[in-house]
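Examining the three-dimensional arrangement
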Amino acid sequence: MADSIYADYPPTLNPAQKEFLVNTVKDWATQNGLVVRPAPAFVSKDTDSHGVLATNAPVTLFPSPFPKACFEEAKALQTVYNKLYAAITCNEEWIGKIMEDLIDVDDFISNLWKVHLAVEKEGYAQTLSLGLYRSDYMAHAPANSTTPELKQVEFNTISSSFGGLSSLVASLHSELLSSPPGNPIAYPPHFLLKSGTVPENTAVETLSAGLAEAHTAYGPSRSQPSLPTCILFVVQENERNVFDQHALSRQLTKVHKIPVFRVLSTELLDHTSIPSSNPSRPLIYRPPHAQDTPFEVTTVYLRCFYTPSDYKSDRDWQARTHIERSAAIKCPTVLNQLVGSKIVQQVLATTTGPDHLTSFLADTDPSIIERLRSTFAPQYDLSVSGKGRELALNPSTAENHVLKPQREGGGNNIYKTAIPDFLNSIPENEWKRWILMELIHPPAAAKNVALRSDGEVLGGGVIGELGVYGTILWDQKGGKIHHNEQGGWLMRTKAEGVNEGGVATGFSSLDSVILF
Ligand code: ADP
Ligand code: MG
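The shown structure was predicted, so the numbers you read here are calculated from the model rather than taken from an experiment. (Residues numbered from 1 in each chain as written. Chains lettered and ligands numbered in written order. Predicted model: local features only at pLDDT ≥ 70, side-chain atom pairs only at ≥ 80, totals over all residues. Heavy atoms only, no water.)

Helix and strand counts for the chain come out as 18 helices and 21 strands. Relative to the 2.2 N^0.38 estimate, which gives 24 Å for 516 residues, the radius of gyration of the chain is 23 Å and therefore close to what a compact globule would have. Expressed as lengths along the three principal axes of its C-alpha atoms, the size of the chain is roughly 70 × 55 × 50 Å. Looking at the chain as a whole, 56% of its 516 residues are labelled buried. Taking the contacts inside the chain whose residues are at least 6 apart along the sequence as the reference set, 74% of them involve residues at least 24 apart. Accessible surface for the chain amounts to roughly 21400 Å². Of this, 52% is attributable to carbon and sulfur atoms. A distance of 3 Å separates the average location of the 43 positive side-chain charges in the chain from that of its 55 negative side-chain charges. (Helix = DSSP H or I, 4+ residues; strand = E, 2+ residues; numbered from the N terminus. Rg over C-alpha atoms; globule rule 2.2 N^0.38 Å. Buried < 20%, exposed > 50% of the residue type's maximum accessible area, 1.4 Å probe, protein only. Contact = heavy atoms within 4.5 Å. Areas by Shrake-Rupley, 256 points an atom, 1.4 Å probe, with all protein chains shown as cover. Lys, Arg positive; Asp, Glu negative; His and termini not counted. Charge placed at Lys NZ, Arg CZ, Asp CG, Glu CD.)

Next up, the structure:
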């Protein structure tokens, strides 16, 4: 069944059909905010010196078929995953043991850990912690079966992006499927397009509701006199994916009536302060455009600080520490960011030794724990001699693996036969910075057509990666969960033969799904 679905999908476009779809998608994207700032390689600074231009986000013309059972399973497991990552974050001793090994070889992890230790020493001013997560998967086609399995690519605990834009792609494809209403002809005839619908995508509602929940849980202002409260988005300089972020802030202001401000991570220390006279350590934000109207920040939402290049100097580390020691609820805390490291995913997936899943999810039905466990692809530690090193150093087994460092944001992995040479080119004591993961093999022969941000239209074999969003608010002291929700999803589609899969890094396009 799966093979036959992919075989003649999507229907072939003649030039007029293609032109119609490309023009429709192009205009729809701009009209509805499915846009990004253009890459400098496409529109140079000279052409757009004031930064006024936006272009369509890279997007597929067709929704991609995706196995319904995998999609439903990913949604069903999200609140369990939320709970798991909250529980891990509460177990500092466990995290400490894992980080211990990395600290002497990985500056970035080591500096994050130091921020946590420094704030811990002073005492955290806030025990509530907010996670806006995205669990990423591929449908895996096992060699011996025709039933696809759901396999996790990674779990994101910081800056989980594209909730805003992915909801729009779902709307775009839904509109195309029923266009014009009553007698849809936007797409050439195909049974999937005729009968299929794109599932509802509530990413914007869910992610914003998580932030709103934290805002409310913060309670009244701790300043004297009391101040109006707000949520603060901390963002990167030259962020191209701003409209994705605006989708969340807009929902927060329009629906939840919560003031939201944006500040560059590099300007955090200029515009925020913690009064030294107030032991509650409220984080005060003074908007540069309204200096006389300070706000108290209830919740800091990080869309930055996940990658080493976000910390160019000591001042950036000071800024991160400043946030961490404040009374604002962090999304995420340093600890919660650290448990999103690939090494934690590897440790959880390890089948020998202690059963961490069962200990972290002690009150969860064992059959659900097993379902969650079955989403893990085999992963190996490279710190010591053993199976991981054997698989990685032998070109014929390396071929079926990917090597991942403790980094986020795409473009960092080493793939397949490049693995042995790469490992041999670095000192052996640095191997423990990396984990080895078996490759997930999606069903072959899926195809789609993408309109890239520079207007190029590319068609061909593709691989899809599904992300499912979840939010959780918990008390780090005692672990009580105040809010735990699943909602919304992201489909990203990359060209077959390309190893990496990021949209922001230019490797893939935003997509939606038709379930089969
Ligand atoms: P990052 O934190 O950089 O996003 P990921 O683990 O998501 O790291 O890896 C980046 C990309 O590499 C993924 O989007 C996916 O396309 C590819 N990838 C990662 N792990 C696997 C795997 N086990 N099998 C197949 N592809 C993978
Ligand atoms: Mg990823």
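Quick look at unusual backbone geometry now. In terms of backbone geometry, most residues other than glycine have negative phi values and most peptide bonds are trans. Note the cis peptide between Tyr9 and Pro10, where omega equals -5°. At Ser159, a position not held by glycine, the phi torsion is positive, near 50°. According to the relative accessible area criterion, Ser159 is buried, its value standing at 12%.

Close to ligand 1 lie 21 residues, the nearest being Lys342, Lys404, Gly410, Tyr415 and Glu465. Between ligand 1 and the protein, one listed contact pairs an oxygen atom with a backbone N or O atom of Arg407 at 3.5 Å. In the model, an oxygen atom of ligand 1 is placed 3.2 Å from a nitrogen or oxygen of the Glu408 side chain. Protein chains shield 95% of the accessible area of ligand 1, which is 540 Å² for the free molecule. (Near = heavy atom within 4 Å. Polar contact = N/O pair within 3.5 Å; in protein donor to acceptor, adjacent residues only side chain to side chain.)

Attention shifts here to the sheet that holds strand β16 (residues 434-438). Ordered in space as β13-β16-β14-β15, the four strands form an open sheet in which the pairing is antiparallel. Both edges of this open sheet fall to β13 (379-381) and β15 (414-415), since each of them pairs with a single strand only. In this structure, β13 lies alongside β16, joined through three bridges in antiparallel fashion. When the bridges of β16 are listed, Tyr380 appears paired with Leu436. Sheet contacts for helix α13 (residues 342-349): β13, β14 (401-405) and β16; angle to β13, the most-contacted strand, approximately 105°. (Pairing = 2+ DSSP bridges. Axes fitted to C-alpha atoms, helices over the stretch in contact; angles between N-to-C directions.)

The next point concerns the side chain of Ser326. One can find Ser326 in the loop between α11 (314-325) and β12 (329-331). For Ser326, the side chain forms a polar contact with the main-chain nitrogen of Ala328, separated by 3.2 Å. The contacts of Ser326, once residues within four sequence positions are left out, are Ala125, Gln126, Ile274, Arg281 and Leu283.

With 136 residues, the main nonpolar core has Leu34 and Leu84 as its most contacted residues. Counting residues per element, this core draws most heavily on helix α3 (residues 68-90), which supplies ten residues. Look past the residues within four positions of Leu34 in its chain and what remains in contact with it is Trp28, Ala29, Thr55, Asn56, Ala57, Val59, Leu165, Leu168, Val169, Leu172 and Leu510. Core analysis: the next-biggest nonpolar cluster, separate from the first, contains 13 residues, Leu391, Ile419, Leu423 and Leu436 among them. (Core = buried A, V, L, I, M, F, W, Y, C linked by side-chain atoms within 4.5 Å.)

By the secondary structure assignment, Lys18 is in helix α2 (residues 15-32). Look at Lys18 and you get partly exposed, because its relative accessible area is 35%. Taking C-alpha positions, Lys18 is 10.0 Å from Pro188, a pair spaced 170 residues apart along the chain.

This model, assessed by the stated rule, comprises 19 salt bridges. Through salt bridges with shared partners, a single network forms among Arg134, Asp136, Glu465 and Arg492. (Salt bridge = Lys/Arg side-chain N within 4 Å of Asp/Glu carboxyl O.)

Geometrically, a pair of aromatic rings is defined through the distance of the ring centres and the angle of the planes. Taken as a whole, this structure holds 18 aromatic pairs when the rule is applied. Arranged with centres 4.8 Å apart and planes meeting at 65°, the rings of Phe422 and Trp434 form a pair that is edge-to-face. With Phe422 in helix α18 (residues 418-425) and Trp434 in strand β16, the pair connects residues that are twelve residues apart, well separated along the chain. Following the ring pairs from residue to residue traces out a cluster consisting of Tyr81, Tyr85, Tyr133 and Phe155. In this structure, Arg222 packs its charged tip against the face of Tyr218, placed 4.2 Å from the ring centre. (Phe/Tyr/Trp six-rings, centres within 6.5 Å; stacked < 30°, edge-to-face > 60°. Lys NZ or Arg CZ within 6 Å of the ring centre and 35° of its normal.)

The buried count for strand β6 (residues 149-156) comes to seven of eight residues, which makes it a mostly enclosed element. Sheet topology places strand β5 (residues 128-140) next to β6; seven bridges connect them, and they run antiparallel. The partner of His140 across the bridge, within β6, is Glu149.

The next thing to look at is the packing of α3 against helix α15 (residues 366-373). Two packed helices can be described by the angle between their axes and the distance between those axes. The contact between α3 and α15 brings their axes to 10 Å, and the two run at 105°. By the angle between their directions, the pair α3 and α15 is classed as roughly perpendicular. On α15, the residues that touch Glu73, Ala76, Leu77, Val80, Tyr81 and Leu84 of α3 are Ile368, Arg371 and Leu372. Counted by class, the contact of α3 with α15 contains seven nonpolar, no polar and two charged residues. (Parallel < 35°, antiparallel > 145°, perpendicular 65-115°, else oblique. Nonpolar A, V, L, I, M, F, W, Y, C, P; charged D, E, K, R; others polar.)

Now for the environment of Asn448. You can see Asn448 is positioned in strand β17 (residues 447-451). On the basis of relative accessible area, Asn448 is assigned to the buried category, the value being 3%. Taking the C-alpha atoms as reference, Asn448 lies 7.1 Å from Ser64; in sequence the two are 384 residues apart. Residues in contact with Asn448, not counting those within four places in the same chain, are Pro10, Thr60, Leu61, Phe62, Pro63, Ser64, Leu458, Gly459, Gly460, Val462 and Asp511. A polar contact is formed between the side chain of Asn448 and the side chain of Ser64, at a distance of 3.0 Å.

Coordinates in, geometry out; function isn't part of it.
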